Amino acid sequence: MPVEKGKDFLSYYHYHKFDKKYDELIEQARKENPLPKTTEKKRDRKKKGKILALVERLANYKASVCLFIHNFNVPFDNNQAERDLRMIKVKTKVSGCFRTEEGARDYLKIMSYVGTAHKQGYNAYKAIKNAITGRPDFIFE
């Protein structure tokens, strides 16, 4: 792994190899999922279907999808973002909704504080306790 070896970018050879393979896979997907044939003459553009729409998005947003190759600080997946949102979704599912917008904002502030404390290696309970007593372990900007 390049990161384990102290590198912060991919060599030109490996980058070019990855780039070429990505483009080949996109072309293969386009060939295997052509536009559906319609017998009726319609003025609207043809519907692509879910698979071809995904293939086109992967082609159009290639730079964003492959950002982890250019910048090793970018994670390969977005699981952390999904984990951060999961508790909010569970809260709204259990209670149905927040009673006020102010309550929703307060909940988000607390969950943001807890999430950041956890990511920085702090105990969430101690971080909240110290924040309430006016002695936070760390400062947010």
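If you're wondering where the values come from, they're calculated on a predicted model, not measured in any experiment.

A closer look at the overall build of the protein chain
Then, in step 1: Along its length, the protein chain carries seven helices and zero strands.
Then, in step 2: Sequence-ordered secondary structure for the protein chain, helices as α and strands as β, is α-α-α-α-α-α-α.
Then, in step 3: Looking at the 141 residues of the protein chain, the share that counts as buried comes to 13%.
Then, in step 4: At a minimum sequence separation of 6, the contacts of the protein chain that also span at least 24 residues come to 44%.

Focus: the nonpolar core
Nonpolar side chains tend to gather and get buried jointly when the protein is soluble and globular.
Then, in step 1: Ranked by size, the top nonpolar core spans seven residues in total: Tyr22, Ile26, Ala29, Leu52, Val55, Cys66 and Ile69.
Then, in step 2: Only helix 1 (12–32) and helix 2 (50–60) provide two or more residues apiece to this core.
Then, in step 3: For this core, the leading source of residues is helix 1, giving three residues.
Then, in step 4: With near-sequence residues (within four places) excluded, isoleucine 69 lies in contact with Leu10, Tyr15 and Phe18.

Some thoughts on a nonpolar patch on the surface
Then, in step 1: Taken together, the side chains of Leu54, Leu58, Tyr61 and Val65 present a nonpolar region at the surface, about 340 Å² in accessible area.
Then, in step 2: In this fold, valine 65 is placed in helix 3 (residues 62–65).

Describing the side chain of glutamate 56
Then, in step 1: Along the chain, glutamate 56 falls in helix 2.
Then, in step 2: A relative accessible area of 18% places glutamate 56 in the buried class.
Then, in step 3: Those residues in contact with glutamate 56, other than ones at most four positions away along the chain, are Arg30 and Lys48.

Regarding the side chain of lysine 62
Then, in step 1: Its location among the elements puts lysine 62 in helix 3.
Then, in step 2: In contact with lysine 62, not counting residues within four places along its chain, are Asp19, Tyr22 and Asp23.

Topic: helix 2
Each full turn of the α-helix corresponds to 3.6 residues, which orients residues three or four apart in the same direction.
Then, in step 1: Every buried residue of helix 2 is listed here: Leu52, Val55 and Glu56. All buried residues of helix 2 lie within an arc of 95° about the axis, which places them on one face of the element.
Then, in step 2: As for helix 2, its buried residues are in contact with helix 1.

Here's the deal with the packing of aromatic side chains
Then, in step 1: Within the structure shown, the criterion is met by two aromatic pairs.
Then, in step 2: Geometrically, the ring pair formed by phenylalanine 18 and phenylalanine 68 is edge-to-face, given 6.2 Å between the ring centres and 85° between the ring planes. In this pair, phenylalanine 18 is assigned in helix 1 and phenylalanine 68 in helix 4 (residues 67–70), connecting sequence segments 50 residues apart.
Then, in step 3: Phenylalanine 18 gets classed as partly exposed once you look at its relative accessible area, which sits at 31%.
Then, in step 4: Among the aromatic side chains, those forming a connected cluster through ring pairs are Phe18, Tyr22 and Phe68.

What counts and what doesn't
- Residues numbered from 1 in each chain as written.
- Predicted model: local features only at pLDDT ≥ 70, side-chain atom pairs only at ≥ 80, totals over all residues.
- Heavy atoms only, no water.
- Helix = DSSP H or I, 4+ residues; strand = E, 2+ residues; numbered from the N terminus.
- Buried < 20%, exposed > 50% of the residue type's maximum accessible area, 1.4 Å probe, protein only.
- Contact = heavy atoms within 4.5 Å.
- Core = buried A, V, L, I, M, F, W, Y, C linked by side-chain atoms within 4.5 Å.
- Patch = residues over 30% accessible without salt bridge, like charges linked within 9 Å, V, L, I, M, F, W, Y side chains within 5 Å.
- Areas by Shrake-Rupley, 256 points an atom, 1.4 Å probe, with all protein chains shown as cover.
- Salt bridge = Lys/Arg side-chain N within 4 Å of Asp/Glu carboxyl O.
- Arc of directions from axis to C-beta.
- Phe/Tyr/Trp six-rings, centres within 6.5 Å; stacked < 30°, edge-to-face > 60°.

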